[in-house]
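Structure at a glance
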Amino acid sequence: MRTFLAVAQSLSFTQAAAALGLGQPTVSQHIRKLEQAVGRPLLVRDTRSVVLTVDGEAMVGFARSILAAHAQAADYFTGTGVRGRLRFGVTDDLALTQVPRILRDFRHLNPGVTLDLTVSQGVHLQRRVESGHVDVAFVKTNAGDGRGRLVRRDRLVWAAAEGTGLRWDEERPVPLIVYQAPSPSRDLAVQALEQAGIKHRVVCTARGVNAVLAATRAGLGLAIFVRSLLPSDLVELPGSTGLPELGELDLVLLTNPHAPAEPVEALTTAILAHTDRIRSIHGTRRWPAEPGRAGAAGTRPERTG
């Protein structure tokens, strides 16, 4: 299972072998045995690439859960649970949505770990990891920039409060609610609008997610959210409104190389396991434009998944 996860993470038998301290033939043997055990191919591989099959994607979640359960059982029966101090940083949008459940479960399973939490902007947390003031940080980065350990890749969406009646056209630029620079979501939104030739104006610049939420709920303009972090009282605006696609961001874990290995790995396992659980149940609310009126919002949203 560990070998399979290493290959699934790197999509490379060579890199997985190096990370695990194994020979490449051993890695190939482990994958072959796992595929024989489940009776299905988990990877499609040739001399140039490695790709997960649909069953391989499913096995990633099962493997993480199995390894987490194995570690918990070993800790319980041997009494050698993870101990130490862990300085964890997280962006405020993640802190308000998914992280509380993760940390509650983590603290229950790892009572010997003293957890120090820092909530801040992603850029600030990256600097604190680099300076050694934070051990591991859960942040958003541009898709594919290669930093940190990928938790998942998620799409950015346009969002608004239901029933605000926002309009935009040639005479009325798209009203934007954005984070202060530097902000990956702000950069992608502005770039997408400019490439589409759509005028825009910033109506609110916020330092944190609470300010973004307040301005959006007040109907001041449109905000940009990672789809899985979209609050339930806001709705996603689809392409029929005339708005351009925003692209994707990566949710990653940045780790200081001098951080205590066991607490970091225990928290990483908890975050990855939680992500696998919510991946299959996440849904969004879409807000279609009024018939025949591009750039209009005001009809009743529907639930989609």
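Residues numbered from 1 in each chain as written. Predicted model: local features only at pLDDT ≥ 70, side-chain atom pairs only at ≥ 80, totals over all residues. Heavy atoms only, no water.

**Comments concerning helix α9 (residues 209–217)**
Let me state the cut-off plainly: Each residue is placed in one exposure class: buried if its accessible area under a 1.4 Å probe, protein chains only, is under 20% of its type's maximum, exposed if it is over 50%, and partly exposed if it falls in between. Note on conventions: DSSP H or I runs of at least 4 residues are helices, E runs of at least 2 residues are strands, and numbering of each starts at the N terminus. Between two residues, a contact is recorded if the distance between any of their heavy atoms is within 4.5 Å.
When α9 is considered as a whole, its buried residues turn out to be V209, V212, L213, A215 and T216. At its buried positions, α9 is contacted by α5 (92–96), β6 (149–161), β7 (174–179), β8 (200–206), β9 (222–226) and β10 (234–237). At the C-terminal side of α9, G219 shows a positive phi close to 80 degrees.

**Quick word on a nonpolar patch on the surface**
To keep it simple, the criterion reads: In this analysis, a patch consists of residues with relative accessible area above 30% that form no salt bridge, clustered at 9 Å for like charges and at 5 Å for the nonpolar side chains Val, Leu, Ile, Met, Phe, Trp and Tyr. The accessible surface values rely on the Shrake-Rupley method and a 1.4 Å probe; as for residues, cover is taken only from the protein chains in view. Should a side-chain nitrogen of Lys or Arg be within 4 Å of a carboxyl oxygen of Asp or Glu, the pair is scored as a salt bridge.
Taken together, the side chains of M1, F62 and I66 make up a nonpolar region of the molecular surface, amounting to roughly 280 Å² of accessible area. By the secondary structure assignment, F62 is in helix α4 (residues 54–78).

**Examining the pairing of β9**
Of all five residues that make up β9, five are buried, and the element is covered over most of its length. Burial of β9 is two-sided: the residues L222, I224 and V226 facing one way and the residues A223 and F225 facing the other way are all buried.

**Quick word on the confidence of the model for the protein chain**
Rule in force here: How sure the predictor is of each residue is captured by pLDDT, a score from 0 to 100.
Confidence in the prediction of the protein chain, expressed as mean pLDDT, is 82, and 86% of residues score 70 or more. Considering each helix and strand of the protein chain separately, the mean pLDDT is smallest for strand β13 (residues 302–304), with a value of 35, and largest for helix α3 (residues 24–38), with 93. Every residue in residues 278–305 is under pLDDT 50, and counting partners more than four places away or in other chains gives 70 contacts.

**Observations regarding helix α7 (residues 122–131)**
Helical geometry: 3.6 residues make up each α-helical turn, so side chains three or four residues apart lie on a common side. Put simply, the rule is: In this description, the arc belongs to the directions extending from the helix axis to the C-beta atoms.
The complete set of buried residues in α7 reads G122, L125, Q126 and V129. In an axial view of α7, the angular spread of the buried residues amounts to 105 degrees, which keeps them on one side of the axis. Of the surrounding elements, those touching the buried residues of α7 are β3 (84–90), β4 (113–119), β5 (136–142) and β11 (248–255).

**Here we look at the nonpolar core**
For clarity, the threshold we go by: Side-chain atoms within 4.5 Å are what join buried Ala, Val, Leu, Ile, Met, Phe, Trp, Tyr and Cys residues into a set we call a nonpolar core.
Judged by nonpolar contacts, the single largest core of 41 residues is most densely connected at F88, F138, W158, L222, L243, L267 and I271. Looking at which element gives the most residues to this core, the answer is helix α10 (residues 261–279), with five residues. By size, the runner-up hydrophobic cluster in this structure holds 19 residues, among which are A8, A17, L43 and L67.

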